[in-house]
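Chain and residue survey
What follows is each chain in one-letter form.
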Amino acid sequence: MKNEPHLSTTEGKPFGATWLITAPWAHPAWSQYALALYDLTTPSDPAPNIYLDGATHELLLVALDPSYPATTTRDMVEGRQLHPLSPPNHGYQFKAESDAAAVRRLQQIVDDIEGRCLSPDSDFRAAWDALFRDAHSLRR
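An account of the accompanying structure is given in this report.

Rules used throughout
Residues numbered from 1 in each chain as written. Predicted model: local features only at pLDDT ≥ 70, side-chain atom pairs only at ≥ 80, totals over all residues. Heavy atoms only, no water. Helix = DSSP H or I, 4+ residues; strand = E, 2+ residues; numbered from the N terminus. Rg over C-alpha atoms; globule rule 2.2 N^0.38 Å. Buried < 20%, exposed > 50% of the residue type's maximum accessible area, 1.4 Å probe, protein only. Contact = heavy atoms within 4.5 Å. Areas by Shrake-Rupley, 256 points an atom, 1.4 Å probe, with all protein chains shown as cover. Lys, Arg positive; Asp, Glu negative; His and termini not counted. Charge placed at Lys NZ, Arg CZ, Asp CG, Glu CD. 1 Å grid on protein atoms, 1.4 Å probe; cavity = no way out; pocket = protein on both sides within 12 Å on 5 of 7 lines; lining within 4 Å. Points joined across faces, edges and corners; volume = space filled by probe spheres on them. Nonpolar A, V, L, I, M, F, W, Y, C, P; charged D, E, K, R; others polar. Pairing = 2+ DSSP bridges. Axes fitted to C-alpha atoms, helices over the stretch in contact; angles between N-to-C directions.

1. Re the overall build of the protein chain
- Of regular secondary structure, the protein chain possesses 3 helices and 6 strands.
- Order of helices (α) and strands (β) in the protein chain, N terminus to C terminus: β-β-β-β-α-β-α-α-β.
- Taken over C-alpha atoms, the radius of gyration comes to 14 Å for the protein chain, in line with the 14 Å a tight globule of 140 residues would show.
- Judged by the C-alpha coordinates and their principal axes, the protein chain covers about 40 × 35 × 30 Å.
- For the protein chain, buried positions account for 41% of its 140 residues.
- Long-range pairs, those at least 24 residues apart, make up 64% of the contacts in the protein chain between residues at least 6 apart in sequence.
- Summing over all exposed atoms, the protein chain offers an accessible surface of approximately 8000 Å²; the carbon and sulfur share of this is 51%.
- Looking at the protein chain, you have 12 positive and 18 negative side-chain charges, and the mean spots of the two groups are 3 Å apart.

2. Regarding the layout of surface pockets
- Its boundaries defined by the atoms lining it, the largest pocket holds a volume of some 480 Å³.
- Around the largest pocket, the lining is made up of 19 residues, and of these Ser8, Thr18, Ala36, Tyr38 and Val77 lie nearest the centre.
- Sorting the residues of the lining of the largest pocket by element identifies strand E1 (6–8), strand E2 (16–22), strand E3 (32–39), strand E4 (57–63) and helix H1 (73–78) as the ones contributing at least two each.
- The element contributing the most residues to the lining of the largest pocket is E3, with 4 residues.
- Looking at the lining of the largest pocket, its residues break down into 12 nonpolar, 5 polar and 2 charged.
- Approximately 220 Å³ is the volume attributed to the second largest pocket.
- Taken together, Pro14, Tyr38, Asp39, Leu40, Ser44, Asp45, Pro46, Ala47, Pro48, Asn49, Glu58 and Gln93 form the lining of the second largest pocket.
- For the lining of the second largest pocket, the residue count by class is 6 nonpolar, 3 polar and 3 charged.

3. Focus on the pairing of E4
- Judged by how many residues are buried, E4 sits mostly within the fold: 6 of 7 residues are covered.
- Pairing geometry for E3 and E4, over 7 bridges, is antiparallel. Bridged to Ala34 within E4 is Val62.

4. A closer look at the sheet that holds strand E6 (residues 136–137)
- Strand order in the open sheet made by the 6 strands is E1-E2-E3-E4-E5-E6, with antiparallel pairing throughout. The sheet is open, and its two edges are formed by E1 and E6, each paired on a single side.
- Summarising the sheet, E1 and E2 pair through 3 bridges and their orientation is antiparallel. When the sheet's bridge partners are listed, Leu7 is paired in E2 with Ala17.
- Relative to E2, helix H2 (residues 99–114) is tilted by about 5°, and along the sheet it contacts E1, E2, E3, E4 and strand E5 (90–94).

5. Details of unusual backbone geometry
- A cis amide bond links Asp45 with the next residue in sequence, Pro46, at an omega value of 5°.
- Positionally, Pro46 belongs in the loop between E3 and E4.
- With an omega dihedral of 0°, the bond running from Ser86 to Pro87 counts as a cis peptide bond.
- As for its position among the elements, Pro87 is in the loop between H1 and E5.
- Positioned with a positive phi, Arg116 is a non-glycine residue whose angle comes to about 60°.
- Classification of Arg116 by relative accessible area gives exposed; the value is 59%.

Next up, the structure:
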């Protein structure tokens, strides 16, 4: 079954999408990750910091505290059951033609993680940087 994102589409607020990823093979101490997509184009207060001219979206991938396992993406987001470890594993600002295009790009990443073709662990930054050559890394 395909891991679908939880979409946040409240009128007048920035678009967002969140995936709950379980990858016990990726790290010996934790197995869950949250991948969040943020719209940078909808006016908000406070305004987002833009590091890439023309950036439309930002992603953050965080490992989740294994003491608080998440059950579903919806509960994690709406129930505020997100318990991220710090710092984030990966973060980028990038350009996409639309929210749907940004979701498709990140859905491919989720599929690659679940297919064990891409690791969410921070030790694999080079692979992530290669996927986001057109983006600005939030690590810099």
